[in-house]
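# Analysis of the macromolecular model
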Amino acid sequence: MWQATFTKLGQTLLVLLLVSVASFSFLKLAPGDPVTIMLGSDYSKASYDQLTQELGLDQPVIVQYGHWLANFVQGDWGTSYITNQNIFELAVFQALPVTLTLAAFSLLIALVIGIPTGVMAALYRNSWVDVLATTLAIGGNAFPSFYLGIILIWVFGVGLGWFPTLGFVAPWDDFWQGMWHLALPAITLGAWYVGLIARITRSSLLEVMGQPYILAAKARGEPGWRVVWVHGMRNVLMPLVTVIGLQLGGMLRGAVMTEVVFSLPGLGMMITSAVLNREYIVIQAGIMLTGVLFVVLNLMVDQTYQFLDPRLRRRK
Amino acid sequence: MSHALDLSASIQASSWRRRFLQPLMRQRSAVVGLVIILAYVLAALFAPWLATHDPTAQDLGAALQGPSAAHWLGTDSFGQDLYSRLLYGAQLALIIGFASVALGLVVGVAIGLAAGLIGGRTEWVLMRIVDGLLAFPELILAMAFMAVLGLGTENLVYALALSFVGPFARMTRGDVLQVKSQPFIEAARLMGVPTLAIIWRHVLPNVVSPILVQAGMRVSIAILLESGLSFLGIGVVPPTPDWGLMIAEGRGFITIAPWISGVPGVALAILLVALNLLGDGLRDAFDPNTQKDA
């Protein structure tokens, strides 16, 4: 097991290195000369050369990469030209928590609605619950989240006035205000997951319920809820985690859109406005951070399997 | 003579029907999806004849109007006719969706084939590039490429295509490695069949169906990303009739003129549902790797 973990860790480090190379090359590919951008339109040859030297741009690319990576690891990500803000603080302390909170809250909503729906659909096959679950699965998965967000703002924010339509309040500052502000965005993003989760729960539960040990549990006279929620659900968790892991990309995609629709100052909002303002250094930080986040989350999903399936633990 | 020809033609047709059409037609929801998509394709093809107005003609005197005889689905804040923009938007969405997936498929399959067939150091380098691409979520990758390439329809196709290269390459390589170890490849090699002929006649046909299934499912992601990026303002530029742009434009008028974002929003949602239905159907019918949903 340890060997497998180390191999996995080695692979992950390699991918992280690739992520950094890709992010570094991005800034090299970006149009415009960074020195000219920093100096403005009026500059002398001497000041141009001086700044080039200061930025290390006269050195070989591989050395530049090394410097850049060292700075990145130490949290020196530079300063935004536009807001004069420290990019590390902006990305890691301000934007990242917003995105993670949104994602976690949405996933929670999706699980709380999705799993029971899936279980009901499996237990009452071909009933209206089943039809509803299937419709939710197809509709929720395909419906563009940015348009869903607009509809929710229109109906529940502006029309009924139940929820605020814009802005973010950190739940760790004011829990109920935070939840209240997050409700619509989290539903928007969660809707995308609900159907998927319901569908996987349904199909894997159906598969499991035919197994002999379920019959044995029933024969022992265990109550129905115990058979389903203890013996059945244990085996639904694996495919569920797989699907959640596979759809992390979709989750991040939805998060970007949702943040922009609801004006939440998260990573998606940060990268979007950086692209619009052509602030390549902020985009680069955003790409690198999302890449690292994505890789780490995937690794975590992978590791969860060992907790969920005891059979995997015993293998070398 | 002619009778024999007829027979062979009908055998060919029936085998095509048996291999492709029948399994797909058995998926009822896939058929529904296919019909809806065909309707969109027809609307896109005949947009110039079906449209009642120039999709980019502004008429500020007629701005923010609800559906009427003159403007069947109403107008936006520039007085542009929403019905005409809807039709041309379908054209744009389908072109960008299919073109970006096709381009990503060609490049990705080429990389996957090269990696799987050549092996060694080439494979290692190619697959590390693919790993690097796959380490990012598609949207972030596409956003980064848009930042480098600049806005516009053509660049949007390139950016989306680049973000699809990774999945196609990895999948093709995996399939090629599997096929390569089969005895019939070894046999063909021993018989002296040229390498390119082996690839073309023996390897490709065996990897093509999972790749096409994947492509079918990617189209809906491509269209979602396309409209999403345009919605964010980093895709197609106004006044191009694009659904994402139209939704973004209508966002500010949602309380007084909900149809501005509603018309493209509903059209987009229906198209995406249809594409997903067809994609799921294709997967269930042709991909041996996934078992059918119970």
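The structure presented is a predicted model; accordingly, all values stated were derived computationally and were not measured. (Residues numbered from 1 in each chain as written. Chains lettered and ligands numbered in written order. Predicted model: local features only at pLDDT ≥ 70, side-chain atom pairs only at ≥ 80, totals over all residues. Heavy atoms only, no water.)

Quick look at the overall build of chain A now. If you tally the helices and strands in chain A, you get 14 helices and 0 strands. For chain A, the α and β elements follow one another from N to C terminus as α-α-α-α-α-α-α-α-α-α-α-α-α-α. Overall, chain A is about 90 × 60 × 35 Å in size when its C-alpha atoms are taken along their principal axes. By the burial criterion, 46% of the 316 residues in chain A qualify as buried. By sequence separation, contacts in chain A at least 24 residues apart represent 71% of the contacts at least 6 residues apart. (Helix = DSSP H or I, 4+ residues; strand = E, 2+ residues; numbered from the N terminus. Buried < 20%, exposed > 50% of the residue type's maximum accessible area, 1.4 Å probe, protein only. Contact = heavy atoms within 4.5 Å.)

Another point: the overall build of chain B. What chain B contains, in helices and strands, is 11 helices and 0 strands. Taken from the N to the C terminus, the helices and strands of chain B come in the order α-α-α-α-α-α-α-α-α-α-α. Dimensions of chain B, computed from C-alpha atoms along their principal axes, come out at roughly 75 × 55 × 40 Å. When the 294 residues of chain B are sorted by exposure, 51% land in the buried category. Here the contacts in chain B between residues at least 6 apart in sequence split such that 69% fall between residues at least 24 apart. As presented, chain B carries roughly 13,700 Å² of accessible surface, and 66% of it is formed by carbon and sulfur atoms. Once the 17 positive and 18 negative side-chain charges of chain B are each reduced to a mean point, those two points are 14 Å apart. (Areas by Shrake-Rupley, 256 points an atom, 1.4 Å probe, with all protein chains shown as cover. Lys, Arg positive; Asp, Glu negative; His and termini not counted. Charge placed at Lys NZ, Arg CZ, Asp CG, Glu CD.)

The subject of this paragraph is the interface of chain B and chain A. If you look at the interface, chain B gives 45 residues, while chain A gives 46 residues. When chain B packs against chain A, the two sides together hide about 3,900 Å² of surface, and 77% of this comes from carbon and sulfur. When the buried area of chain B at its contact with chain A is split by residue, F136, V148 and L232 of chain B rank highest and sum to 14% of it. In this assembly, chain B and chain A are joined by 2 salt bridges. Salt-bridge contacts for D280 of chain B lead to R199 of chain A; the nearest nitrogen and oxygen are separated by 3.3 Å. Counting across the interface, chain B meets chain A through 6 residue pairs in polar contact (both at pLDDT 80 or more). Of all the secondary-structure elements, those providing two or more residues to the side of chain B that touches chain A are α5 (120-134), α6 (138-149), α9 (195-232), α10 (243-251) and α11 (259-286) of chain B. Of the residues forming the side of chain B that touches chain A, the biggest block, 12 residues, is contributed by α11 of chain B. (Buried area = accessible area lost by both parts, 1.4 Å probe. Salt bridge = Lys/Arg side-chain N within 4 Å of Asp/Glu carboxyl O. Polar contact = N/O pair within 3.5 Å; in protein donor to acceptor, adjacent residues only side chain to side chain.)

As far as domains go, chain A holds domain 1 (32-74) and domain 2 (96-277). Distance between the C-alpha centres of domain 1 of chain A and domain 2 of chain A: 45 Å. (Domains from an automatic or database assignment.)

Before going further, it helps to examine a nonpolar patch on the surface. Residues and elements named next belong to chain B. Taken together, L103, V106, V107, L149, Y158 and L162 make up a surface patch of nonpolar side chains, about 470 Å² in accessible area. Contributions of two or more residues to the nonpolar patch are made by α4 (82-118) and α7 (153-180). At 3 residues, the largest contribution of residues to the nonpolar patch is made by α4. With respect to the helices, strands and loops of the structure, L103 is situated in helix α4. (Patch = residues over 30% accessible without salt bridge, like charges linked within 9 Å, V, L, I, M, F, W, Y side chains within 5 Å.)

Looking now at unusual backbone geometry. Going from P238 of chain B to P239 of chain B, the amide bond is cis rather than trans, its omega being 5°. Within the secondary structure, P239 of chain B sits in the loop between α9 and α10. If you check the backbone angles, S263 of chain A has positive phi at about 50° while not being a glycine. Position of S263 of chain A relative to the elements: it lies in the loop between α11 (248-261) and α12 (267-277). A positive phi is found at R278 of chain A, a non-glycine position, where the angle reads about 55°.

This paragraph deals with the environment of Y213 of chain A. Residue and element names in this part refer to chain A. For Y213, the location among the structural elements is in helix α9 (residues 212-219). For the pair Y213 and L16, spaced 197 residues apart in sequence, the C-alpha separation works out to 43 Å. Dropping the residues within four chain positions of it, Y213 is found in contact with V208, H231 and N235.

Next up on the list: the side chain of S230 of chain B. All names here are of chain B. Relative to the helices and strands, S230 resides in helix α9. In this structure the side chain of S230 is engaged in a polar contact, spanning 3.4 Å, whose partner is the side chain of D242. Apart from the residues within four sequence positions on either side, S230 is in contact with L156, G235, V236, D242, G244 and L245.

Residue and element names in this part refer to chain A. Following both chains from N to C, one finds helix α1 (residues 2-29) and helix α4 (residues 61-73) inclined at 115°, their axes separated by 11 Å at the closest point. One element, α1, and the other, α4, form an angle in the roughly perpendicular class. The element α1 and its partner α4 pack so that their crossing is right-handed. In this structure, α1 uses L17, S20, V21, S23, F24 and K28 to contact α4, whose residues at the interface are V61, Q64, Y65, W68 and L69. (Axes fitted to C-alpha atoms, helices over the stretch in contact; angles between N-to-C directions. Parallel < 35°, antiparallel > 145°, perpendicular 65-115°, else oblique. Left-handed = near helix turned anticlockwise from the far one by under 90°.)

Within the sequence span of α10 of chain B, burial applies to W243, G244, L245, M246, I247 and G250 of chain B. Those residues of α10 of chain B hidden inside the fold are in contact with α7 (145-159) of chain A together with α2 (28-45), α4, α9 and α11 of chain B. For α10 of chain B, the capping residue at the N-terminal end is D242 of chain B, with a side-chain oxygen 2.7 Å from the backbone nitrogen of G244 of chain B.

Assignment of secondary structure puts G291 of chain A in helix α13 (residues 280-308). The class of G291 of chain A is buried, set by a relative accessible area of 0%. In this structure, the C-alpha to C-alpha distance between G291 of chain A and L16 of chain A, residues 275 residues apart in sequence, is 7.8 Å. Those residues within four positions of G291 of chain A in sequence are excluded, and the remaining contacts are V19 of chain A together with A135 and F136 of chain B.

One finds I283 of chain A together with M143, I223 and W243 of chain B to be the most contacted residues of the largest nonpolar core, which totals 148 residues. Considering each element in turn, this core owes the most residues, 17 residues, to α9 of chain B. Once you skip the residues sitting within four places of it in the chain, I223 of chain B turns out to touch A93, L94, G97, L268, L271, L272 and L275 of chain B. (Core = buried A, V, L, I, M, F, W, Y, C linked by side-chain atoms within 4.5 Å.)

So, about the packing of α13 of chain A against α6 of chain B. The geometry of α13 of chain A relative to α6 of chain B is characterised by a closest axis approach of 11 Å and an angle of 160° between their N-to-C directions. Between α13 of chain A and α6 of chain B, the angle falls in the class roughly antiparallel. α6 of chain B is crossed by α13 of chain A, and the crossing has left-handed handedness. Across from Y280, I283, I287 and T290 of chain A in α13 of chain A, the residues of α6 of chain B making contact are I140, A144 and A147 of chain B. For the contact of α13 of chain A with α6 of chain B, the per-class residue count stands at 6 nonpolar, 1 polar and no charged. (Nonpolar A, V, L, I, M, F, W, Y, C, P; charged D, E, K, R; others polar.)

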